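Descriptive analysis of the structure
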Amino acid sequence: MAKQEPAADRGRGLLELDRLVHEPARHLILDLLEAVEEADFVFLLHHSGLTRGNLSCHLAKLEEAGYVEVRKSFVGKVPRTVLRLTSAGREALHRYRAQMRTFMGHRP
Amino acid sequence: MGRQGEGKTIERRAFWNSHRDGLVDLFVGLLLALSALVRPDHMWWVWNSSGLVLVLGGPYFKRRITEPRVGLFVPCEVTRNRDLLRIGCLAPAGLVVEAALIGLLVGMKAGRFTVLEPWFPLLVGGALAALLAALAGLLRLNRFLAYSALVLAAFLLARLTETPARLWAVGASCAITLCGLFLLVTFLSRYPPQENMDG
């Protein structure tokens, strides 16, 4: 029988979770961006159900961490923000999922 | 549901949302109505110029109507490649069917293939239904399967009642156009345009 990891070690694993990804709204944003190549701000606004200010704030944090690439452009005279998940963001998301799976796998 | 499954669900919902505007329904409905109203030997002209309208007008209307309301997304590379492959297979197949139907029509006018003459409208109906079913797969919209069944039923009824297929085709295309109009009005009233697309 495989030797079980002590509960304290599993708990420590949970403490190592990437808190930037752990936050539900940011996790949702990363999930949405992972499913597409790129999307604009209105798409995320529409699909996440977050408010404009809230979404902007979370995107700024994700951009700062290098998880999301932000590109600003103009459609006529209207500014448009297009977002894309970076490889670092994709890696962070996968790592977070693996950590959660490991942790949840030990739960009764 | 696995991660891939969830990603696909998000993508599917994104596709569904971006076609909630009913623009494709309106285009298809009007194209079918126009095809039913012009002379059969002018139909090729209607269909080929509609391709131009779709290529030039489609992105314009999407940019003006849909994107400011529900946003823009670019599907992932796998989906894009699969769609390109599907279009690459469907477009030549569509052209072959169109050429075959025109050839048949010309042949019937010249006194050949007379045995197929009573079945010609049904052949056209079958081709249109197949086209709409292919469109349903390409756009991931199940309502196009209903349109496909509607068009096939219209041509079948025309054959069964021995009434002009044109009348039934106009009826079916009016139903599709009205559906598209209803979707467009609902879409415009439900989603106001975002004046600022900037984050």
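For the structure itself, look to the data block above.
Just so you know, these numbers come straight off a predicted model, no measurement behind them.

1. Overview of the overall build of chain B
The number of helices and strands found in chain B is seven helices and one strand. Moving toward the C terminus, one meets the helices and strands of chain B in the order α-α-α-β-α-α-α-α. C-alpha extents for chain B along the principal axes are approximately 65 × 35 × 30 Å. In chain B, buried positions account for 21% of the 199 residues. Of all intrachain contacts in chain B linking residues separated by at least 6 positions in sequence, the fraction that spans at least 24 positions is 67%.

2. What to know about the sheet that holds strand S1 (residues 73-75) of chain B
Strands sit in the order S2(A)-S3(A)-S1(A)-S1(B) across an open sheet of four strands; the sheet is antiparallel. The sheet is open, and its two edges are formed by strand S2 (68-75) of chain A together with S1 of chain B, each paired on a single side. Adjacent strand axes in the sheet meet at a mean angle of 20 degrees, parallel and antiparallel pairs treated alike. Pairing between strand S1 (residues 36-40) of chain A and strand S3 (residues 78-85) of chain A: two bridges, direction antiparallel. Of the residues in S3(A), the one forming a bridge with Ala39(A) is Leu83(A). Its contacts with the sheet place helix H4 (residues 41-48) of chain A against S1 and S3 of chain A together with S1 of chain B, and it is angled at close to 95 degrees to S1(A).

3. A word on the pairing of S2(A)
Residue and element names in this part refer to chain A. In the sheet, S2 pairs with S3 via eight bridges, with the strands oriented antiparallel. Residue pairing for S3: valine 68 is matched across the bridge by leucine 85. Linking S2 to S3, which pair antiparallel, is a turn of two residues; within it glycine 76 sits at a positive phi near 70 degrees.

4. Regarding the interface of chain A and chain B
Each partner contributes residues to the interface: chain A has 23 residues there, and chain B has 17 residues. When residues in the side of chain A that touches chain B are grouped by element, the largest group, six residues, is from H4(A). Here the side of chain A that touches chain B is built from residues that sort into 13 nonpolar, four polar and six charged. Alignment of S1(A) against S1(B), held across three bridges, turns out to be antiparallel. Residue pairing across strands places Glu38(A) opposite Val74(B), the latter belonging to S1(B).

Quick notes on the rules
Numbers given for residues are sequential positions, taken from 1 along each chain in its written order. Each chain gets a letter, beginning with A, and each ligand a number, beginning with 1, in the order they are written. Where totals are concerned, whole chains, interfaces and linings use all residues; where local detail is concerned, this predicted model gives features only for residues with pLDDT of at least 70, and gives and counts side-chain atom pairs only at 80 or more. Helix and strand definitions here come from DSSP, where helices need a minimum of 4 consecutive H or I residues and strands a minimum of 2 consecutive E residues; each element is numbered from the N-terminal end. Around each residue's C-beta, the other C-beta atoms within 10 Å are counted; 20 or more make the residue buried, 12 or fewer make it exposed, and counts in between make it partly exposed. All C-beta atoms are placed from the backbone. Contact between two residues is assigned whenever their backbone-derived C-beta positions fall within 7 Å. Following DSSP output, two strands are said to pair if at least two bridges run between them. All axes are obtained by fitting lines to C-alpha atoms, using only the stretch in contact for helices, and the reported angles, taken between N-to-C directions, cover 0 to 180 degrees. Residues are grouped as follows: Ala, Val, Leu, Ile, Met, Phe, Trp, Tyr, Cys and Pro are nonpolar; Asp, Glu, Lys and Arg are charged; every other residue, Gly included, is polar.

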